[in-house]
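Each chain is listed here by its residues.
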Amino acid sequence: MTSVESASHWGSPTASKRALLIHGLTMSSQSWEGIAQLLAAEGFFVVAPNLLGHAWRRGTDYRVSTLAEDLRPYFAMDMSYDVIIGHSLGGLVTLSLLPFLPKTKETTVILVDPPLERTAEQFKVDKKRFMKEIADARTADEHMAQHPAWSRGDSMLRALGVYMCDRTVVKGIFEHNPPYAFSGLLKNIPPHVKIALLISDPEFGAVCYLEHIPVDVARLNVKVFNGIGHWIQFELPNAIMDEIPLPRAKL
């Protein structure tokens, strides 16, 4: 790794399996604590980098392609991962990383409710919402009140992510990425990659919609979770774990 590394780690570095977890906007690497602990218990070494502009990191270019390029050191020296998981903005960064994955390694990619397409009006509403989130940062108790399914730990990490991000980052993300259209990245999935696309319930705050997903794409499996919000990793972590190839006990 290079000196720019800013990441959280779980499990043993000598583990035979590796996972890379990429967080979303106004979050941080620590927000993966729950999923990372589950993966570590299954024998994975887990790495979760902090995106540019998050966890006190600074930058000037917040294009999704730049966020992905910043993570290239995590693939240095032919480093590979059995599993890569990206939530929300992190899902778009994950898609942008597909060309960099070693072609000799079978990789399971899990995209958690990524905003593949946003209209100009949705873009405007999203920016206003995130700017308000930074200006009026909520406490862990307030997050728990809004999301009863979240644990206190998840709520605290959500609040921490916002605290370690500032308005210039949010402003940059929205100003540097129009037109916001990333569904095309799903059309050319490499033959060594399988993607599970997990979509939340539109009635509960989903930002990924079925109509934005290309049809008849090989190695792409799409699932919609009714009654589950945008934060699938907090509300239904087993939905993510179920997509990870793991040895099953013989009956």
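Just above sits the structure.
Residues numbered from 1 in each chain as written. Predicted model: local features only at pLDDT ≥ 70, side-chain atom pairs only at ≥ 80, totals over all residues. Heavy atoms only, no water.

*Asks:* An account of the environment of Asp 70 is requested, with residue identities and associated values reported.
*Replies:* Within the secondary structure, Asp 70 is located in helix H2 (residues 64-70). You can call Asp 70 buried: its relative accessible area is 17%. Placed 18 residues apart in sequence, Asp 70 and Leu 52 show a C-alpha to C-alpha distance of 7.4 Å. (Helix = DSSP H or I, 4+ residues; strand = E, 2+ residues; numbered from the N terminus. Buried < 20%, exposed > 50% of the residue type's maximum accessible area, 1.4 Å probe, protein only.)

*Asks:* Any details on the environment of Ala 135? Residues and values, ideally.
*Replies:* When you line up the elements, Ala 135 lands in helix H4 (residues 120-135). Classification of Ala 135 by relative accessible area gives exposed; the value is 61%. Separated by 22 residues in sequence, Ala 135 and Asp 113 have C-alpha atoms that sit 25 Å apart.

*Asks:* Lay out the environment of Leu 236 in plain terms, naming residues and giving numbers.
*Replies:* In this fold, Leu 236 is placed in the loop between helix H8 (232-235) and helix H9 (237-241). Note on Leu 236: relative accessible area 30%, which makes it partly exposed. For the pair Leu 236 and Phe 225, spaced eleven residues apart in sequence, the C-alpha to C-alpha distance is 9.2 Å. Discounting residues that sit within four places of it in the chain, Leu 236 has contacts with Phe 225 and Ile 228. (Contact = heavy atoms within 4.5 Å.)

*Asks:* Tell me about the packing of aromatic side chains, residues and numbers included.
*Replies:* What describes a pair of aromatic rings is the distance from one ring centre to the other and the angle between the planes of the rings. As enumerated under the stated definition, the model contains nine aromatic pairs in all. Ring geometry for Trp 56 against Tyr 163: centres 5.7 Å apart, planes inclined by 80 degrees, an arrangement best described as edge-to-face. Taken together, the residues Trp 56 in the loop between strand E3 (44-49) and H2 and Tyr 163 in helix H6 (residues 152-163) connect sequence positions 107 residues apart. Given a relative accessible area of 61%, Tyr 163 falls into the exposed group. Through successive ring pairs, a cluster of aromatic residues spans Phe 123, Phe 130, Phe 174, Tyr 180 and Phe 182. Here the basic side chain of Arg 72 rests over the ring of Phe 100, its NZ or CZ set 3.9 Å away from the ring centre. (Phe/Tyr/Trp six-rings, centres within 6.5 Å; stacked < 30°, edge-to-face > 60°. Lys NZ or Arg CZ within 6 Å of the ring centre and 35° of its normal.)

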